Amino acid sequence: MTHLWVRAEQRPNEERVGLTPEGAAQLIAAGIRVTVEESHVRAIPIDGYSAAGCEIAPENSWPEAPLDAVIFGLKELPEDGTPLPHRHIMFGHAFKGQHSGRKLLERFKVGGGTLYDLEYLVDENGRRVAAFGYWAGYAGAAVTLKTWAAQQRGEICGPVGVYPGKDALNAELLAELNATGAPRPRAIVIGALGRVGTGASDLCEAMGVDVTKWDMAETADGGPFPEILENDIFLNCIFARPGTPVFVPREALNAPRKLTAIGDVACDPDSDYNPVPVYDRATTWEEPALRVATDPVLDVMAIDNLPSMLPVESSEDYAAQLLPSLLTLTDLTSGVWARAEDTFKSHIERI
């Protein structure tokens with residue numbers, strides 16, 4: 001029997017989950033055994049999973065799970081160097097030249113396990129079957145506007161946290177923007193036709209921010225893109241890959257510009273393909289903005305688990321997208337799982 005083991009997240013500020021109790025009930029009805037770990041932070045309570053028929057395991061007990069179990073989580077595992085013998089479903093951040101990704105792949109190679117990277121679960125046309133993109137864009141735009149508002153106060157953006165829903169986030173942000181007394185900033189979104197860009201644009205429009213929406217057609221010539229520097233805010237919402245143009249080069253730090261806040265929602269600072277190479281590390285919930293220039297100021301927001309700010313909405317949305325693929329876990333030799341395994345094997349061979 002196929003056994004899916006939903007682990008607790010161990011990353012700080014991570015309350016999301018990729019499977020709801022309703023989805024778990026469907027998996028069980030389809031003949032899949034489901035174990036869900038207890039969690040002191042998960043936004044969806046454990047009671048619902050128990051009522052759905054899931055087996056309940058202690059928090060962070062997945063290393064002792066049966067070797068035939070498929071371990072399912074969202075964010076990265078603790079970087080303790082231990083071999084990984086299980087099959088894992090998660091965001092590995094290991095296939096785009098990330099330096100920490102090589103260490104993860106080495107752990108899989110030593111342990112003999114397999115990574116089904118959620119970012120690389122794709123249909124026959126190469127399109128991702130599930131993504132947190134919309135809520136990443138929505139929350140990322142919100143924190144970037146908070147960054148801009150802090151600049152109007154002569155400050156740098158303070159800590160951010162979890163919201164019970166988007167209405168609470170919107171109300172707080174609207175009051176913060178109004179309190180600046182300044183006209184709304186102008187923003188440019190690159191990747192505006194995708195899920196991430198749509199979320200970012202929706203948040204901006206909800207706040208009364210004028211948005212210029214660019215996508216592949218507007219960036220096809222490869223740059224440079226001086227128009228970006230003519231906006232107050234730039235929101236990068238594209239999936240970086242080989243050939244992705246540089247949108248804000250390092251020279252922009254000393255160039256004439258209106259741009260004072262960048263929201264790098266894609267957040268791949270240690271990737272070889274980073275299109276915003278003016279910063280070198282992700283930012284955090286405690287320190288959301290990294291100041292990279294002072295005259296005039298330029299702050300970069302690059303939090304890499306943005307949907308966690310809205311954990312219930314983002315979990316329910318993502319879980320609904322992913323469930324049809326989880327229902328096919330009984331056959332790992334075809335479809336999305338076979339494609340994901342091929343991607344993993346192509347990278348593990350280079351280790």
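Data block above holds the structure.
Residues numbered from 1 in each chain as written. Predicted model: local features only at pLDDT ≥ 70, side-chain atom pairs only at ≥ 80, totals over all residues. Heavy atoms only, no water.

Visitor: Is there a simple way to explain the overall build of the protein in this structure?
Guide: Check the secondary structure of the protein and you find ten helices and twelve strands. Projecting the C-alpha coordinates of the protein onto the three principal axes gives extents of approximately 60 × 45 × 35 Å. In the protein, which comprises 351 residues, the proportion classed as buried is 54%. The contacts in the protein between residues at least 6 apart in sequence include a share of 70% that link residues at least 24 apart. (Helix = DSSP H or I, 4+ residues; strand = E, 2+ residues; numbered from the N terminus. Buried < 20%, exposed > 50% of the residue type's maximum accessible area, 1.4 Å probe, protein only. Contact = heavy atoms within 4.5 Å.)

Visitor: Looking at this structure, how should I read the packing of helix α4 (residues 133–152) against helix α5 (residues 166–180)?
Guide: Packed helices, taken two at a time, are described by the angle their axes make and the gap between the axes. It is at 9 Å that the axes of α4 and α5 come closest, and there the two elements cross at 25°. Relative to α5, the element α4 lies roughly parallel. As α4 runs across α5, the sense of the crossing is left-handed. Contacts from W135, Y138, A142, L145, K146, W148, A149 and Q152 in α4 reach K166, L169, N170, E172, L173, E176, L177 and T180 in α5. (Axes fitted to C-alpha atoms, helices over the stretch in contact; angles between N-to-C directions. Parallel < 35°, antiparallel > 145°, perpendicular 65-115°, else oblique. Left-handed = near helix turned anticlockwise from the far one by under 90°.)

Visitor: What am I meant to see in the pairing of strand β6 (residues 114–117) here?
Guide: Along any regular strand, the residues point their side chains to alternate faces of the sheet. Every second residue of β6 is oriented toward a common face, with T114 and Y116 on one face and L115 and D117 on the other, all of them buried. One ladder, built from four bridges, connects strand β5 (residues 87–90) with β6; its direction is parallel. Residue pairing in the sheet places I89 in a bridge with Y116 of β6. (Pairing = 2+ DSSP bridges.)

Visitor: Explain the environment of P275 to me, please; I cannot follow it from the model alone.
Guide: You can see P275 is positioned in the loop between β10 (261–264) and β11 (289–294). Residue P275 is classed as buried on the basis of its relative accessible area, which comes to 3%. In sequence terms P275 and N236 are 39 residues apart; their C-alpha atoms lie 8.5 Å from each other. Excluding its chain neighbours within four sequence positions, the residues that come into contact with P275 are N236, I238, A240, T244, P245, V246, F247 and V248.

Visitor: What should I look at first to understand the environment of V278 in this one?
Guide: Residue position: V278 is located in the loop between β10 and β11. A relative accessible area of 3% means that V278 is categorised as buried. Distance in space between the C-alpha atoms of V278 and V36 is 41 Å, their sequence separation being 242 residues. Filtering out sequence-adjacent residues up to four positions away, V278 remains in contact with V248, P249, R250, L253, I262, V292 and V300.

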